[in-house]
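# Residue-level structure breakdown
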Amino acid sequence: MIRLQKFLADAGVASRRSAEQFITDGKIKVNGKIVKTLGTKIDELNDQVEYNGKIVKLGLNKIYLMIHKPVGYISSVSNSQGKSVLQLVKSSQRLYPVGRLDKDSSGLLILTNDGELANYLTHPRYESEKEYFVILDQTLSPEAIAKLEKGMTIGGQRVKGIKVVMSQNKSARLILKEGINRQIRRMLGKLGYTVIRLKRIRLGKLELGQLEPGQSRPINKSDII
């Protein structure tokens, strides 16, 4: 027996957190019936699970790609709000982006069908590091660096500090372990700074390196964690 959300993640439908949302939204059927209860256990060998009218099965080959997302693309499987980064790659299996970047940002994303990896890289309790290079309208002051590293409240939510590993000539390298929506831009904006350019250069132990915008290449799971 296996929890339904873990089964969906293992089958490459989505990350475990997204799979949980699919369940509570009533998008998953088990043996022909909609299941909305998180923690529901199924027999992965005998129960029939459906998502979007299609039967979900285990046994997919796990695929891992790193891609340099260009500015102007969205980190989504849907094209409803703009050009999806998935348009830049070809795959016979359904992939989804891990480590979201907003449309105005660029840099390292991972495309995979491994829901467990997605959960590890995105869930706050694992504190997976994400490193960014930013160009600002002005050089960070010592006072601003101290406030960034201490953490702050944005949008009514308390967020952990960002580690500043370099700051000079209106640029900086920042490391965070959370990653709420547009966290770096919002924290810097609260301190009076404007982000001119933001690029993710590392995710876990995987570095972007010399990969050009729009380019991708296969990697192994061991390259990431």
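Structure's up top.
Right, let's walk through the structure included here. (Residues numbered from 1 in each chain as written. Predicted model: local features only at pLDDT ≥ 70, side-chain atom pairs only at ≥ 80, totals over all residues. Heavy atoms only, no water.)

Right, let's talk about the sheet that holds strand β2 (residues 28-30) for a bit. Read across the sheet, four strands follow the order β3-β2-β5-β6 without closing on themselves; strand pairing throughout is antiparallel. The sheet terminates laterally at β3 (33-34) and β6 (54-56), the two strands that pair on one side only. Sheet topology note: the β2/strand β5 (residues 49-51) ladder contains three bridges and is antiparallel. Counterpart to valine 30 in the pairing with β5 is valine 49. (Pairing = 2+ DSSP bridges. Helix = DSSP H or I, 4+ residues; strand = E, 2+ residues; numbered from the N terminus.)

Here the focus is the packing of aromatic side chains. The tally for this structure, following the rule as stated, stands at one aromatic pair. Here the aromatic rings of phenylalanine 22 and tyrosine 51 are separated by 4.9 Å at their centres, their planes lie at 15°, and the arrangement is stacked. Of this pair, phenylalanine 22 sits in helix α2 (residues 16-24) while tyrosine 51 sits in strand β5, placing them 29 residues apart in sequence. (Phe/Tyr/Trp six-rings, centres within 6.5 Å; stacked < 30°, edge-to-face > 60°.)

Burial analysis of strand β11 (residues 106-112) places seven of its seven residues in the buried class, which makes it a mostly covered element. Pairing of strand β7 (residues 64-69) with β11, which is carried by six bridges, proceeds in the antiparallel orientation. In the strand pairing of β11, histidine 68 is matched with leucine 108. Judged from the three bridges that link them, strand β10 (residues 96-98) and β11 form a sheet pairing that is antiparallel. The partner of valine 98 across the bridge, within β11, is isoleucine 110. In this sheet, strand β17 (residues 195-203) lies alongside β11 in parallel orientation, the contact comprising two bridges. Across the sheet, residue glycine 107 finds its bridge partner in β17, namely arginine 200. (Buried < 20%, exposed > 50% of the residue type's maximum accessible area, 1.4 Å probe, protein only.)

The analysis is restricted to geometry; functional conclusions fall outside its scope.
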